[in-house]
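One letter stands for each residue in the lines below.
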Amino acid sequence: MSGKLYVVATPIGNLEDITYRAVRILRESDIILAEDTRVVARLLSKYEIHGKRYISFHEHNEEKRIKEVEKYLSEGKKISLVSDAGTPLIQDPGYRLIRYLRTKNFEIVPVPGPSAFVAALSVSGMPTDSFVFLGFLPHKPSRRKRLLQKMEEVNMTFVIYESVHRIDSLMDELCERFADRNVFVAREMTKLHEEYLFGRPCEIKKAIVKKGEFVIVVEKKI
Ligand code: SAM
């Protein structure tokens, strides 16, 4: 009998943001595939799960791991895939692995939980009946410009992931192109210094503390 791969969502900050089921599945897993094994070991230790077998799984070794995971599943192993934060595969590695295993008809099930974009949208006060998830914008200026231009035309609420290194330049771009729309910035959600800002991008820009992780929601024109 072949095993099962669980794609397990973990907290985006506050370690209590994990489901009972996720804890049970992690406890029952033979192998835990983790982006950074230290991050997941810390989480598991909070839930008194010890002595697990961890295998590192990140964008640079994903290809190499695929056959290995296939072998373990063929042996009937129960495997959990986790990322450093939130839902695996959402701007995190795993797509090539899941795609391959799907074509081989292995059993793959989600263990849903937090994701930064859903958390941000849920407190944004913006219409979420439909939205576009852009994740990290391309770094190349021309591609980036084209994408933002397209978002002007599409006129839908859209969500961006951004790191502290580029938040300033992103806010400049939003201020230039979307000055008449509202923007919601969620910084360090669920963590000690979480912060939420709402308003016009040119204003918000001045108030942003440049520390931590960011989700930015840009409202459609209303
Ligand atoms: N898999 C994750 C998810 O489900 O949201 C996303 C992983 S992606 C590599 C990391 C990015 O998610 C960060 O750069 C930031 O944009 C966003 N993010 C993750 N945790 C966050 C938090 N607590 N507060 C704000 N943004 C966060």
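Residues numbered from 1 in each chain as written. Predicted model: local features only at pLDDT ≥ 70, side-chain atom pairs only at ≥ 80, totals over all residues. Heavy atoms only, no water.

Novice: Help me out: how do you make sense of the overall build of the protein in this one?
Specialist: Looking only at helices and strands, one finds 8 helices and 10 strands in the protein. Counting over 222 residues, the protein shows a buried share of 44%. Of the roughly 11800 Å² of accessible surface on the protein, a fraction of 51% belongs to carbon and sulfur atoms. Across the protein, the mean location of the 37 positive side-chain charges is 4 Å away from that of the 31 negative side-chain charges. (Helix = DSSP H or I, 4+ residues; strand = E, 2+ residues; numbered from the N terminus. Buried < 20%, exposed > 50% of the residue type's maximum accessible area, 1.4 Å probe, protein only. Areas by Shrake-Rupley, 256 points an atom, 1.4 Å probe, with all protein chains shown as cover. Lys, Arg positive; Asp, Glu negative; His and termini not counted. Charge placed at Lys NZ, Arg CZ, Asp CG, Glu CD.)

Novice: Honestly, the side chain of S83 in this entry has me stumped. Any pointers?
Specialist: Here S83 lies in the loop between β4 (78-82) and α4 (95-103). For S83, a relative accessible area of 6% puts it in the buried group. Reaching out from S83, the side chain makes a polar contact with the backbone oxygen of A85 at a distance of 3.0 Å. Separated by 3.0 Å, the side chains of S83 and D92 make a polar contact. Aside from chain neighbours lying at most four places away, what touches S83 is T10, E35, P88 and D92. (Polar contact = N/O pair within 3.5 Å; in protein donor to acceptor, adjacent residues only side chain to side chain. Contact = heavy atoms within 4.5 Å.)

Novice: Hey, could you run me through the side chain of R187 in this one?
Specialist: Tracing the backbone shows R187 in strand β8 (residues 183-187). A distance of 2.9 Å separates a polar side-chain atom of R187 from the backbone oxygen of K211. Residues in contact with R187, not counting those within four places in the same chain, are H193, E194, E195, V209, K211, E213 and F214.

Novice: Before we go on, may I ask you to explain helix α1 (residues 20-28) in this structure?
Specialist: Given 3.6 residues to a turn, an α-helix orients residues that are three or four positions apart in the same direction. Every buried residue belonging to α1 is among A22, V23, I25 and L26, and all of these are buried. Down the axis, α1 shows its buried residues gathered within 165° of arc, on one side only. Looking at the packing, one finds that the buried side of α1 touches β1 (4-8), β2 (31-34), α2 (37-46), β4 and β5 (107-111). (Arc of directions from axis to C-beta.)

By themselves, these observations are geometric and do not establish any function.
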